[in-house]
Amino acid sequence: MKSVGSGIILLYGNADVPYNYADNTYHFRQDSTFRYFFGLDVPLMVGILDVDNHEEYLFADDVDINDIIWTGPMPSVKDMAESAGIYKTGSYEEAGKFLKKAQTSDRQIHYIKPYRSFMLVQLHHMLGLSISEISEHASHKLVMAIIKLRSKKEPVEIAELDKAFEIGYLMHTAAQQLCKPGQKEQYIAGVMEGIAKSYGIGLSFPTILTQHGEVLHNHKPNHILESGKLMLVDAGAENNEGYCSDHTRTSPVSGKFTQRQKEVYQIVVDAHDYALTVAKPGNTWKQVHLDACKVIAQGLKNLGLMKGNIEDAVAEGAHALFMPHGLGHMMGLDVHDMENLGQQFVGYDDEIRPSSQFGLSSLRMGRRLEEGFVITDEPGIYFIPDLIDLWKSQGLHTDFLNYEAIEKYKDFGGIRIEDDVIITAEGSRFCGDKVIPYHVDELEEYLANRQ
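Read on for an overview of the structure. Predicted, not measured: the structure shown is a model, and the values here were computed from it.

About the thresholds
Residues numbered from 1 in each chain as written. Predicted model: local features only at pLDDT ≥ 70, side-chain atom pairs only at ≥ 80, totals over all residues. Heavy atoms only, no water. Patch = residues over 30% accessible without salt bridge, like charges linked within 9 Å, V, L, I, M, F, W, Y side chains within 5 Å. Areas by Shrake-Rupley, 256 points an atom, 1.4 Å probe, with all protein chains shown as cover. Salt bridge = Lys/Arg side-chain N within 4 Å of Asp/Glu carboxyl O. Lys, Arg positive; Asp, Glu negative; His and termini not counted. Charge placed at Lys NZ, Arg CZ, Asp CG, Glu CD. Helix = DSSP H or I, 4+ residues; strand = E, 2+ residues; numbered from the N terminus. Buried < 20%, exposed > 50% of the residue type's maximum accessible area, 1.4 Å probe, protein only. Axes fitted to C-alpha atoms, helices over the stretch in contact; angles between N-to-C directions. Parallel < 35°, antiparallel > 145°, perpendicular 65-115°, else oblique. Left-handed = near helix turned anticlockwise from the far one by under 90°. Contact = heavy atoms within 4.5 Å. Nonpolar A, V, L, I, M, F, W, Y, C, P; charged D, E, K, R; others polar. Arc of directions from axis to C-beta. Polar contact = N/O pair within 3.5 Å; in protein donor to acceptor, adjacent residues only side chain to side chain.

Turning our eyes to something else, we now look at a negative patch on the surface. Together, Asp61, Asp62, Asp79, Glu93 and Glu94 give the surface a local cluster of negative charge. Inspection of the secondary structure puts Glu93 in helix 4 (residues 92-104). A relative accessible area of 59% places Glu93 in the exposed class.

With that settled, consider the packing of helix 10 (residues 259-278) against helix 11 (residues 285-302). Packing of helix 10 against helix 11 leaves a shortest axis separation of 9 Å and a crossing angle of 150°. As the angle between them shows, helix 10 and helix 11 are arranged roughly antiparallel. Two packed elements cross with a definite hand, and for helix 10 against helix 11 that hand is right-handed. Between helix 10, through Ile267, Asp270, Ala271, Tyr274, Ala275 and Val278, and helix 11, the contact on the second element is made entirely by Trp285, Val288, Asp291, Ala292, Val295, Ile296, Gly299 and Leu300. Broken down by class, the residue content of the contact of helix 10 with helix 11 amounts to 11 nonpolar, one polar and two charged.

Considered for burial, the residues of helix 14 (residues 385-394) that qualify are Leu387, Ile388 and Trp391. Looking down the long axis of helix 14, one finds its buried residues gathered within 100° of arc, a one-sided arrangement. Projecting away from the buried face of helix 14 at angles above 90 degrees are the exposed residues Asp386 and Ser393. Looking at the packing, one finds that the buried side of helix 14 touches helix 15 (403-406).

This part covers the packing of helix 4 against helix 5 (residues 117-127). At their nearest, the axes of helix 4 and helix 5 sit 8 Å apart, and the two run at 50° to each other. In terms of axis orientation, helix 4 runs oblique to helix 5. Between helix 4, through Tyr92, Ala95, Gly96, Leu99, Lys100 and Gln103, and helix 5, the contact on the second element is made entirely by Phe118, Met119, Gln122, His125, Met126 and Leu127.

Attention now moves to the environment of Ser393. One can find Ser393 in helix 14. In terms of polar contacts, Ser393 uses its side chain to reach the backbone carbonyl oxygen of Leu390, at 2.7 Å.

With that out of the way, let us pick up unusual backbone geometry. One non-glycine residue, His54, lies in positive phi territory at about 55°. Phi angles above zero are rare outside glycine, and His397 is one such case at about 50°.

Moving on, we come to the side chain of Thr210. Inspection of the secondary structure puts Thr210 in strand 9 (residues 208-210). Engagement of the side chain of Thr210 in a polar contact is seen with the backbone nitrogen of His212, the distance being 2.7 Å. With residues up to four places along the chain from it excluded, the contact list for Thr210 reads Glu185, Asn218, Leu230, Met231 and Leu232.

The subject of this paragraph is the pattern of salt bridges. Applying the stated criterion across every chain yields a total of 28 salt bridges. For Glu55, the salt bridge goes to Lys88, with nearest N and O atoms at 3.9 Å. Of the two residues, Glu55 sits in strand 5 (residues 55-59) while Lys88 sits in the loop between helix 3 (77-83) and strand 6 (89-90), which places them 33 residues apart along the sequence. In this structure Lys88 comes out as partly exposed when scored by relative accessible area, which is 35%. Here Asp162 ties to Arg429 by a salt bridge, and the two come within 3.1 Å at their closest N and O atoms. With Asp162 in helix 8 (residues 155-178) and Arg429 in strand 17 (residues 428-430), the pair connects residues that are 267 residues apart, well separated along the chain. The class for Asp162 is buried, based on a relative accessible area of 18%. Among the charged side chains, a network of salt bridges with common partners joins Arg29, Arg150, Lys153, Glu238, Asp334 and Asp337.

This is the structure in structure tokens:
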């Protein structure tokens, strides 16, 4: 309220979404901003903050006997509001009347752009705006006020993120135990989802589990694991308070890396671990990303896959043939925290601006780091046949790329290693108090003890 200054702040929760008919819904997922401010994980709620009069309201409907028969009793709206420190309540319909009255008094109504069609329609009715006008009138001032608060995680939030990691640890170590020739990718993905639902709300995003890791977002676990392949697993959990984890591990299906796999894998480990040493308050994550890319480029040059001056190669984006994504993103109540508010506002500011260069344009977080930020550290190396063919046919970056040697790796797949990192006063630390095995020796030892 202090940051916005004046007017009315409208913060709306989510509604149930039908799965295939009205009464069969997807698992309810509360809007993260609404949950952050109100702590209420209940559908169809509207929070209003009257900045000028320093008053807060919660609008929602109490359940009736027909609801209670099917879903059981619930606290009253009044009791739920008081649990959030709010003492003025009304029905869901009265929220629209409140807003229309504010409009007649020419008071500015601040709201964030909706990402679900239901809320788009509700705002259309509540505010009398056309569907196209709703996005145009969203409040940039409110967006920036929310980002300012949610970017720096409080100790209670970090404790929840640590809990989310603990679930993620169980998921990923279970996947590593199941990683062996003849195993179905689908089965491993199902076991991981079962663990996520056993200890929390469920997955923080659809699991990527594949021996075709060169497909960055491969959501099709429909293969049988083969000896000599690499299994890439990018998955996370959402704990009971809505906080998320996001980790990636790449494991040799046979239990041991081939020499070629080990050489490429170690480069990714080196980039991952380098980022940890320089992830500290005051440094920009964009520079950490670029320096990690130099580690990757130098490692690939040592293997004969790249050539020339490494500084120039990274500056021109030649390395992005192998790592076409950014080093990481913000974490919190969303696995890509707050990106519904506008990723360019979450990850960038007036000092650090997004790039249009291929690869670097996919860096979702570039800002100067501050204590309390939680980000992912996720370098990778991928051999994407179609991209290799395209760049080769276009003659791109021939001063830096040894296409003749690269051709021999087109059957390699992909490697990514990812951890959630909390920025501390002195530097950084992993979420949680354990580490999912990823260094070559410890990973191979862990895989040797598979059941």
